[in-house]
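# Working through the structure, step by step
Chain by chain, the residues run as shown.
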Amino acid sequence: MANDNNDDIRVLLDALRAIAQEGLSYSRNEYDTARYEKLLNIASKEYAAITNLSQEEIQKMFLKEQGSITPKVGVDAAVVSEKGEILVLQRKDNGAWGVPGGWADVDESPFETAIRETHEEAGFDIEPIGYIGIACKTPNTFAGWTSAWVSQINICTAVKPVSSDKVVKLSQEHTDYKWIADVAQIDNWNAVHKPLVERAFSAYRDQSITPHMDNH
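Notes on the structure in this doc start here. (Residues numbered from 1 in each chain as written. Predicted model: local features only at pLDDT ≥ 70, side-chain atom pairs only at ≥ 80, totals over all residues. Heavy atoms only, no water.)

## What to know about the overall build of the protein
Helix and strand content of the protein: five helices and seven strands. Counted from the first residue to the last, the protein has its helices and strands arranged as α-α-α-β-β-β-β-α-β-β-β-α. Seen through its C-alpha atoms, the protein measures out along the principal axes to roughly 60 × 45 × 30 Å. Out of the 216 residues in the protein, the part that is buried amounts to 42%. Taking as baseline every contact in the protein between residues at least 6 positions apart, the subset at least 24 positions apart corresponds to 66%. As displayed, the protein offers around 12,100 Å² of accessible surface, 50% of which is attributable to carbon and sulfur atoms. Averaging the positions of the 21 positive and the 33 negative side-chain charges in the protein gives two centres separated by 2 Å. (Helix = DSSP H or I, 4+ residues; strand = E, 2+ residues; numbered from the N terminus. Buried < 20%, exposed > 50% of the residue type's maximum accessible area, 1.4 Å probe, protein only. Contact = heavy atoms within 4.5 Å. Areas by Shrake-Rupley, 256 points an atom, 1.4 Å probe, with all protein chains shown as cover. Lys, Arg positive; Asp, Glu negative; His and termini not counted. Charge placed at Lys NZ, Arg CZ, Asp CG, Glu CD.)

So, in structure tokens, the structure goes:
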């Protein structure tokens, strides 16, 4: 029951901070603005209690977002070798394994995010060719993960196969890497990465990759 209560609190905080931020973005009444600032202060204080971030860091992060508050967007890259193996990296903060990926920057396409994050985390360039799947993380479904304390959408990209001899240069965020042929080779997966990698193996094998749509 205690875990259920904690999950409910995380969902409540996510909704509370969204109301506060949207109010601060659109309200033109000084009294309403003061109330929304108070709500944001309450939410950020409680977030600080369940994360490794300070209240000031959390408020600064929130206030960068303008307008309607939507889930954060993350992009993962299922990097496959010519042997059909997929690259996984071990996180330094919690020891869990997953594919390269991170938050999308403003004015950046999912392909561009996948290229940037793979270069930063694995030290080489990739050529995205399409999409493998989409995952959703919410504060209540992944309450145990520090990266899932706000709602997020994660897009997994497919890439043109690379050489299995490719030199991997890990970033400071990771401690190890492996090329795996089956998800059973990993027993400590990062949130949602196991089903994404399972889907990636199927997508590459069956060529069931969703193509990217151009803007023109």
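So, next bit.
## Section: the sheet that holds strand 3 (residues 97–98)
Spatially, three strands are ordered 3-2-7 in an open sheet, and the strand pairing comes out antiparallel. Each edge of the sheet is formed by a strand with only one pairing partner; in this case those strands are strand 3 and strand 7 (174–180). Taken together, the six bridges between strand 2 (residues 86–91) and strand 7 define a ladder with antiparallel strand orientation. Within strand 7, the residue paired with Arg 91 across the bridge is His 174. (Pairing = 2+ DSSP bridges.)

## Looking at the sheet that holds strand 5 (residues 128–137)
If you trace the four strands from one edge of the open sheet to the other, you get 4-1-6-5, paired in mixed fashion. Both outer strands of the open sheet, strand 4 (101–103) and strand 5, are each paired with one neighbouring strand and no more. Strand-to-strand twist of the sheet, defined as the mean angle between neighbouring strand axes without regard to direction, takes the value 20°. Sheet topology note: the strand 1 (residues 72–78)/strand 6 (residues 152–159) ladder contains seven bridges and is parallel. Across the sheet, the residue bridging to Gly 74 is Asn 154, located in strand 6. (Axes fitted to C-alpha atoms, helices over the stretch in contact; angles between N-to-C directions.)

## Comments concerning the layout of surface pockets
The computed volume of the second largest pocket comes to approximately 460 Å³. Taken together, 16 residues line the second largest pocket, and the ones lying closest to its centre are Glu 65, Lys 72, Val 73, Ala 104 and Val 106. Of all the secondary-structure elements, those providing two or more residues to the lining of the second largest pocket are helix 3 (55–63) and strand 1. Across the lining of the second largest pocket, the residue classes break down as seven nonpolar, three polar and six charged. (1 Å grid on protein atoms, 1.4 Å probe; cavity = no way out; pocket = protein on both sides within 12 Å on 5 of 7 lines; lining within 4 Å. Points joined across faces, edges and corners; volume = space filled by probe spheres on them. Nonpolar A, V, L, I, M, F, W, Y, C, P; charged D, E, K, R; others polar.)

## Some points on the pattern of salt bridges
For the structure on display, the rule yields seven salt bridges. As a salt-bridge pair, Asp 93 and Arg 91 come within 2.5 Å of each other at their nearest N and O atoms. On the basis of relative accessible area, Arg 91 is assigned to the partly exposed category, the value being 24%. For Glu 120, the salt bridge is made with Arg 116, and the minimal N-O distance between the two is 3.6 Å. Taken together, the positions of Glu 120 and Arg 116, both in helix 4 (residues 110–122) and four residues apart, correspond to about one turn of that helix. By sharing partners, the salt bridges in this structure join Asp 105, Glu 108, Arg 116, Glu 117 and Glu 120 into a single network. (Salt bridge = Lys/Arg side-chain N within 4 Å of Asp/Glu carboxyl O.)

## Some details on the packing of aromatic side chains
Across all of its chains, the model carries two aromatic pairs by this definition. Between Tyr 47 and Phe 62, the aromatic rings sit 5.5 Å apart at their centres with planes inclined by 65°, giving edge-to-face as the arrangement. Of this pair, Tyr 47 sits in helix 2 (residues 30–50) while Phe 62 is found in helix 3, placing the two residues 15 residues apart along the sequence. For the pair Tyr 47 and Phe 62, one class covers both residues: buried. Here Phe 111 and Tyr 131 contribute two aromatic rings whose centre-to-centre distance is 5.3 Å and whose plane-to-plane angle is 40°, an arrangement assigned as tilted. A residue pair is termed long-range when its members are at least 10 positions apart, and Phe 111 in helix 4 and Tyr 131 in strand 5 qualify at 20 residues. Residue classification places Tyr 131 among the buried residues on the basis of a relative accessible area of 15%. Sitting above the plane of the Trp 103 ring, Lys 72 keeps its charged end 4.9 Å from the centroid. The ring of Trp 97 has Lys 178 lying over it, and the distance from NZ or CZ to the ring centre is 4.9 Å. (Phe/Tyr/Trp six-rings, centres within 6.5 Å; stacked < 30°, edge-to-face > 60°. Lys NZ or Arg CZ within 6 Å of the ring centre and 35° of its normal.)

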